[in-house]
Amino acid sequence: MNDESKLYRLVLVSPWPLLIFLVIPLLVILSVALHFRIPLIASTTPLLVNNVCFAIFIACRLLRYLAVMRKPLRYGAACCRPRQSITLPLPVAEVRASLRSSGYLFGSVGNYGEKQDLGYLGTTVLYCGLLILLSVGSLDNLRKFSGVLLDGMGPTTDLNNILSYRSIAKGPLAATPRSLPRMQITNQFFPDSTYPLGATEVSFHSEDGKALKYLLKPRDPVTFGDYDIYMAKLVFEPQIVIKRSDTQQPLFDSIVTLNPLVQKRGVYSFYGLFQGYNLAGGVYYQPEKSSLLVVVSRNEKKVVTEMAFQVDKQVEQGDFIISCAKMGQWSEIHVVHRRHKVLLVVGGIIALVGLLLRVVIRPQRVWLEEAAEGCTIWSSGKETMNVLKSKD
């Protein structure tokens, strides 16, 4: 152990290199917290590469710690010798014999010794837990599949068809789903006291013709093989048309996506923004009564219009004629490749136990050197000092 180079100890022993792998995760946290796009982490690839490299780094350290576990001297005399020392008027051999009787082990030269402790095991356990966390998390990210689709009441939808999804996030090793059933939405429930975030009743049709009914709710997934299926929210998409009242010139004609409000504004529970030719605004919606509130801003003027979908064909308000040509009523369904959450929790617990052992139980180490006055001693650890004080 004494022959270990500084580079070897820096890479496989010192805790400081571990901080390098915290840079990208910290940047990710800052970008989310500050809502600021950082070029280095514009995608999930840098974080994934960072975690894979971190897992390999931890695996090398774990193998090194396991290899040294059975050796009498685990820490070695190469580093971390304290600056302060004491000198006892005793021969080196007598001090060494006293420490050996207290459980210390010395190398062949006899000038360095240490006491085996659970702290070293704690570091090993810490690396084992971190390796589980990083390897399982990285594998889950490599095989990640997360698909989002907007679907409404009507015919069945093939969840194995990529074209069914509005957006897909896949890891490098992810496969396209092949074993998912066809899904048919049979009912949609607006947010109320029973379903605060809304709900969707679906029927899943398997290849053998069997149909299973489920009620999908936010944060309450249904499991099919390696995939979880859940409803995130209800979404409404009215096609808003705005024209000038004098010339009939179209100013806006597009779909506006309405998402649930965190807190209702009066009777309205859904809201979406839009921007058109020299104007901007927002749309509020009350699904229970199919009531729309359209707010249009142009040249520092604001016009507010209320209208009932499929009742009011068009409403003239101020300088505008506002109409809603059609309305899409969708459930936002997520299909996600399930992560190994139990293994991640186990890995986290193992790492925490190892960290506590390492923090609570400190290394007991001693360096001896013959001096004119007797024996000069450098020591680390309170137990070592207590043994030496008894000889003072």
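Check the entry above for the structure.
Treat the numbers as computed from the prediction; the structure is a model and nothing was measured.

**As for the side chain of Asn-160**
Within the secondary structure layout, Asn-160 lies in the loop between strand S5 (157-158) and strand S6 (167-170). Within the local environment of Asn-160, its side chain forms a polar contact with the backbone nitrogen of Arg-178, the two atoms lying 3.4 Å apart. Setting aside chain neighbours within four positions, we find Asn-160 in contact with Thr-176, Pro-177, Arg-178, Ser-179 and Leu-180.

**Points about the sheet that holds strand S21 (residues 374-380)**
The strand order across the open sheet built from five strands is S1-S21-S20-S3-S2, with neighbouring strands paired in antiparallel fashion. Single-partner strands in this sheet number two, and they are strand S1 (86-88) and strand S2 (105-106). Where S1 and S21 come together, three bridges link them in antiparallel fashion. Of the residues in S21, the one forming a bridge with Leu-88 is Cys-375.

**Brief notes about the state of the cysteines**
In this structure the tally under the stated criterion is zero disulfides. Note on Cys-60: no disulfide assigned, nearest cysteine sulfur contributed by Cys-53 at a separation of 11 Å.

**Quick notes on the pairing of strand S8 (residues 199-205)**
Regular strands place side chains that alternate from one sheet face to the opposite one. Burial analysis of S8 places five of its seven residues in the buried class, which makes it a mostly covered element. In the sheet, strand S7 (residues 182-189) pairs with S8 via seven bridges, with the strands oriented antiparallel. From the neighbouring strand, Ile-185 faces S8, where its bridge partner is Val-202. With six bridges connecting them, S8 and strand S9 (residues 211-216) associate as antiparallel partners. Bridge pairing in S9 places Val-202 opposite Tyr-214. Following S8, the chain reverses through five residues before pairing antiparallel with S9; Gly-209 in that reversal takes a positive phi of roughly 90°.

**Let's talk about the environment of Leu-47**
Locating Leu-47 in the fold gives a position in helix H3 (residues 45-68). Taking C-alpha positions, Leu-47 is 8.2 Å from Val-28, a pair spaced 19 residues apart along the chain. Aside from chain neighbours lying at most four places away, what touches Leu-47 is Ile-24, Pro-25 and Val-28.

**Observations concerning the packing of aromatic side chains**
Under the criterion given, the structure shown has 18 aromatic pairs. Ring centres of Phe-145 and Tyr-227 lie 6.1 Å apart, and the angle between their planes is 85°; this geometry places the pair in the edge-to-face category. Placement of the pair is Phe-145 in strand S4 (residues 145-151) and Tyr-227 in strand S11 (residues 227-244), with a sequence separation of 82 residues. Classification of Phe-145 as buried rests on a relative accessible area of 1%. The interplanar angle of 85° and the centroid separation of 4.8 Å between the aromatic rings of Phe-236 and Phe-270 together place this pair among those described as edge-to-face. Pair noted here: Phe-236 is in strand S11 and Phe-270 is in strand S14 (residues 268-276), with a separation of 34 residues, a long-range link. The same class applies to Phe-236 and to Phe-270, which are both buried.

**Thoughts on the packing of helix H2 (residues 23-34) against H3**
Where H2 meets H3, the axes come as close as 9 Å, and the angle between the chain directions of the two elements is 150°. Classified by the angle between their axes, H2 and H3 sit roughly antiparallel to one another. Between H2 and H3 lies a crossing of left-handed hand. Touching Ile-24, Pro-25 and Val-28 of H2 are Pro-46, Leu-47 and Asn-50, all from H3.

**Details of the pattern of salt bridges**
Counting across every chain of the model gives six salt bridges. Salt-bridge contacts for Asp-158 lead to Arg-182; the nearest nitrogen and oxygen are separated by 4.0 Å. In this pair, Asp-158 sits in strand S5 while Arg-182 sits in strand S7, placing the two residues 24 residues apart along the sequence. Lys-217 serves as the salt-bridge partner of Asp-220, at 3.9 Å between the closest nitrogen and oxygen.

The rules behind each value
- Residues numbered from 1 in each chain as written.
- Predicted model: local features only at pLDDT ≥ 70, side-chain atom pairs only at ≥ 80, totals over all residues.
- Heavy atoms only, no water.
- Helix = DSSP H or I, 4+ residues; strand = E, 2+ residues; numbered from the N terminus.
- Polar contact = N/O pair within 3.5 Å; in protein donor to acceptor, adjacent residues only side chain to side chain.
- Contact = heavy atoms within 4.5 Å.
- Pairing = 2+ DSSP bridges.
- Disulfide = S-S within 2.5 Å.
- Buried < 20%, exposed > 50% of the residue type's maximum accessible area, 1.4 Å probe, protein only.
- Phe/Tyr/Trp six-rings, centres within 6.5 Å; stacked < 30°, edge-to-face > 60°.
- Axes fitted to C-alpha atoms, helices over the stretch in contact; angles between N-to-C directions.
- Parallel < 35°, antiparallel > 145°, perpendicular 65-115°, else oblique.
- Left-handed = near helix turned anticlockwise from the far one by under 90°.
- Salt bridge = Lys/Arg side-chain N within 4 Å of Asp/Glu carboxyl O.

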